[in-house]
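# Chains, contacts and geometry: an overview
Listed below, chain by chain, are the residues.
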Amino acid sequence: MRVTTLLFASLRESAGWGTMDLEVPAGSTVRDVADRLEREIDGLTLQGALCAVNELYSRPDATLAEGDRLAFLPPVAGG
């Protein structure tokens with residue numbers, strides 16, 4: 001199945017791209033995609049990143065569906 005993956009801010013800079021369509025097996029989770037991206041992209045670390053599926057914050061164990069838009073956002077801090 002195909003999902004659109006989006007990386008924001010420093011994650012986009014680390015990967016060298018902001019949006020990419022990926023073919024993933026049916027039943028894949030957010031964590032499965034994160035693990036794949038970390039394996040395939042040198043220097044990319046998604047540990048601690050926020051994730052959203054179809055613009056709603058999501059858990060890493062969420063199962064993805066055909067056509068989903070999966071976004072990773074770096075953790076933010078402020079005061």
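One can find the structure itself at the top, above this paragraph.
Figured I'd write up the structure that's included with this text. (Residues numbered from 1 in each chain as written. Predicted model: local features only at pLDDT ≥ 70, side-chain atom pairs only at ≥ 80, totals over all residues. Heavy atoms only, no water.)

So, about the overall build of the chain. Broken down by element type, the chain carries two helices and five strands. Seen in sequence order, the chain has helices and strands lined up from the N terminus as β-α-β-α-β-β-β. Looking at the chain alone, contacts between residues at least 24 apart form 53% of all its contacts between residues at least 6 apart. Carbon and sulfur atoms make up 51% of the accessible area of the chain, which amounts to about 4800 Å² in all. (Helix = DSSP H or I, 4+ residues; strand = E, 2+ residues; numbered from the N terminus. Contact = heavy atoms within 4.5 Å. Areas by Shrake-Rupley, 256 points an atom, 1.4 Å probe, with all protein chains shown as cover.)

Here we come to the sheet that holds strand β3 (residues 50-53). What holds strands together in a sheet is hydrogen bonding between their backbones, with the strands either parallel or antiparallel. One open sheet holds the five strands; their spatial order is β2-β1-β5-β3-β4, and the pairing between them is mixed. Each end of this open sheet is capped by a strand with a single partner; those strands are β2 (19-23) and β4 (56-58). The sheet shows a mean angle of 30° between the axes of neighbouring strands, taken without regard to direction. For strand β1 (residues 2-7) and strand β5 (residues 69-73), the ladder comprises four bridges, and the chain directions are parallel. Looking at β5, one finds that Thr 4 is bridged to Arg 69. Where helix α2 (residues 30-40) meets the sheet, it contacts β1, β2, β3, β4 and β5, and its direction lies at approximately 60° from that of β5. (Pairing = 2+ DSSP bridges. Axes fitted to C-alpha atoms, helices over the stretch in contact; angles between N-to-C directions.)

Following the criterion strictly, the structure yields five salt bridges and no others. A salt bridge links Asp 21 to Arg 2; the nearest nitrogen and oxygen atoms lie 3.8 Å apart. Taken together, the residues span a long stretch of sequence, with Asp 21 in strand β2 and Arg 2 in strand β1 at a distance of 19 residues. For Asp 21, a relative accessible area of 42% corresponds to the partly exposed category. Given the relative accessible area of 40%, Arg 2 is considered partly exposed. Note that Arg 2 is salt-bridged to Glu 23, the shortest N-O span being 3.1 Å. Separated by 21 residues along the polypeptide, Arg 2 in strand β1 and Glu 23 in strand β2 bring together distant segments of the chain. (Salt bridge = Lys/Arg side-chain N within 4 Å of Asp/Glu carboxyl O. Buried < 20%, exposed > 50% of the residue type's maximum accessible area, 1.4 Å probe, protein only.)

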